[in-house]
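# Architecture and fold: a report
Now for the letters of each chain:
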Amino acid sequence: MFFDPEVFVNWVRDCREWGIDCPIIPGLMCINAYAGFRKMVGFCKTRVPPALEEKMESLKDDKDAVKQFGIDYGAEVCQRLLDSGACGLHFYTLNLEKVVYGTLDKLGISDGLLEKSNEKDAASMIAMGSAWAKKGDTVKSSSGEGTVVEIKADGSAVVEIGGRTHELAKGSYEKLGNAV
């Protein structure tokens, strides 16, 4: 994961100098929310350019401004990558498509996707390692396997297991499958 496109551009150049000539497609994690940005930067030990650090700090209390900045910054990074010869772009959406759609619209790759995006379920999702759990997903805990009925603000989940509901603390269950 990177937030400075020059890191990727230089890495590809180094690969080419070593004779690696297969396609190298950048994987991009868009900025959707301040807390998610902080979590992923810490988890991946990613270097954050000072200007990006300052901008994120200035926007951290305005979720809509962070999302709009994610679109603008994402488009800027993607354009630089495409201009440097990247043969494609791969987005890690984490089931949150709005910023990706906005980025693609801003690049001119799509038209009107942002207006069609729907992240109404984002508030009912909770991060679980590298996945997200939401109402209707199948999860596993020490109490058994069941279906998420509700995600609470603290990350705990109300899960139906064998016809009975159980409240499971955040971190005490793992996601097995997505809601249909």
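The structure we're discussing is the one just above.
It should be emphasised that the depicted structure is a prediction, and the values quoted were computed from it without experimental measurement.

It is worth spelling out the overall build of the protein at this point. A tally of helices and strands in the protein yields six helices and nine strands. Sorting the 180 residues of the protein into buried and exposed places 39% on the buried side. Partitioning the contacts of the protein with sequence separation of at least 6, the portion at a separation of at least 24 is 52%. For the protein, the accessible area works out to roughly 10,600 Å², and carbon and sulfur atoms hold 52% of it.

Turning our attention to the packing of helix 1 (residues 5–17) against helix 4 (residues 63–83). Relative to each other, helix 1 and helix 4 sit at 20°, their axes nearing to 9 Å. The pairing of helix 1 with helix 4 is recorded here as roughly parallel in orientation. Here helix 1 runs over helix 4; the crossing is right-handed. Each of P5, E6, F8 and V9 in helix 1 lies in contact with helix 4, whose residues at this interface are V77, R80 and L81. Residue classes in the contact of helix 1 with helix 4 are distributed as five nonpolar, no polar and two charged.

Criteria and cut-off values
Residues numbered from 1 in each chain as written. Predicted model: local features only at pLDDT ≥ 70, side-chain atom pairs only at ≥ 80, totals over all residues. Heavy atoms only, no water. Helix = DSSP H or I, 4+ residues; strand = E, 2+ residues; numbered from the N terminus. Buried < 20%, exposed > 50% of the residue type's maximum accessible area, 1.4 Å probe, protein only. Contact = heavy atoms within 4.5 Å. Areas by Shrake-Rupley, 256 points an atom, 1.4 Å probe, with all protein chains shown as cover. Axes fitted to C-alpha atoms, helices over the stretch in contact; angles between N-to-C directions. Parallel < 35°, antiparallel > 145°, perpendicular 65-115°, else oblique. Left-handed = near helix turned anticlockwise from the far one by under 90°. Nonpolar A, V, L, I, M, F, W, Y, C, P; charged D, E, K, R; others polar.

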